[in-house]
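Architecture and fold: a report
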Amino acid sequence: MKTILHKRTHVRPMILFGLLFIGLVSSPWAQAQTQWFASVGAQTDDKAGQALAFLPNEIWIHAGDKITWQFQTDEIHTVTFLTADQPRPFFAEGCPGFSADPATYDGTNCVTTPPMVKGQTFTVIFPKAGNFKLACLVHEDQTGLIHVLDRSMTLPHGQAFYDRQGARQQRNLLSETR
């Protein structure tokens, strides 16, 4: 009889652990977060033509996902997300200051890189759903849009689509510079 009681005391913690594990797996934070990639700017081989753009300039992701932007030009750019009513700051001042990499953006705080150039990267994590405007503080007309959907919603595209779209946008913009 003592052996049976001893075994039951080991079963109870296992059951509690199992219930806790099931609860964590079914929670939204336990779902896999996706890493997305995009580019900042483009230039011709001779550096005479510049594309002042985020490539692609519009992306749909899930809440909790992150995007890493790779800077593709010798021309300086920033990856910046301002708050709704925030005036556009001077690029060298940040918003104020510069964000650590990776940064988290939910619309309530400003996130920005310092001016960056070819080969550098910056990652932003988007913890909640919303539509967020992306801007370069150096180039006033360089903007993009990130649509962050609830994890229960289906995304319209995958990374391969965004890679093709970014390459197509880059070709079109650089061909206009010639």
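Here is a short report on the structure shown in this document. Only a predicted model underlies this, so the values are computations on that prediction, with no experimental measurement involved. (Residues numbered from 1 in each chain as written. Predicted model: local features only at pLDDT ≥ 70, side-chain atom pairs only at ≥ 80, totals over all residues. Heavy atoms only, no water.)

Pairing of strand 1 (residues 35–43) with strand 4 (residues 66–71), which is carried by six bridges, proceeds in the parallel orientation. The partner of Gln 35 across the bridge, within strand 4, is Lys 66. (Pairing = 2+ DSSP bridges. Helix = DSSP H or I, 4+ residues; strand = E, 2+ residues; numbered from the N terminus.)

To continue, consider the state of the cysteines. Under the criterion given, the structure shown has one disulfide. Through a disulfide, Cys 95 is tied to Cys 110; the S-S separation comes to 2.0 Å. Measuring the twist about the S-S bond at about -110 degrees, one finds the Cys 95-Cys 110 disulfide to be left-handed. Here the residue Cys 95 occupies a position in the loop between strand 5 (80–81) and strand 6 (103–104), and Cys 110 occupies one in the loop between strand 6 and strand 7 (111–112), the gap between them amounting to 15 residues. (Disulfide = S-S within 2.5 Å.)

Right, let's get into the packing of aromatic side chains. As enumerated under the stated definition, the model contains eight aromatic pairs in all. Ring plane angle 80 degrees and centroid distance 5.4 Å describe the contact between Phe 81 and Phe 126, whose orientation is recorded as edge-to-face. With Phe 81 in strand 5 and Phe 126 in the loop between strand 8 (121–125) and strand 9 (130–135), this residue pair connects regions lying 45 residues apart in the sequence. There is no split in this pair, since Phe 81 and Phe 126 are both buried. Geometrically, the ring pair formed by Phe 126 and Phe 132 is stacked, given 6.2 Å between the ring centres and 20 degrees between the ring planes. Overall, the relative accessible area of 0% leaves Phe 126 in the buried class. A relative accessible area of 8% means that Phe 132 is categorised as buried. Through pairs of rings, three or more aromatic residues link up here, namely Trp 69, Phe 81, Tyr 105, Phe 126 and Phe 132. (Phe/Tyr/Trp six-rings, centres within 6.5 Å; stacked < 30°, edge-to-face > 60°. Buried < 20%, exposed > 50% of the residue type's maximum accessible area, 1.4 Å probe, protein only.)

One can find Gly 119 in the loop between strand 7 and strand 8. Residue Gly 119 is classed as partly exposed on the basis of its relative accessible area, which comes to 48%. In this structure, the C-alpha to C-alpha distance between Gly 119 and Thr 73, residues 46 residues apart in sequence, is 8.0 Å. Once you skip the residues sitting within four places of it in the chain, Gly 119 turns out to touch Gln 70 and Phe 71. (Contact = heavy atoms within 4.5 Å.)

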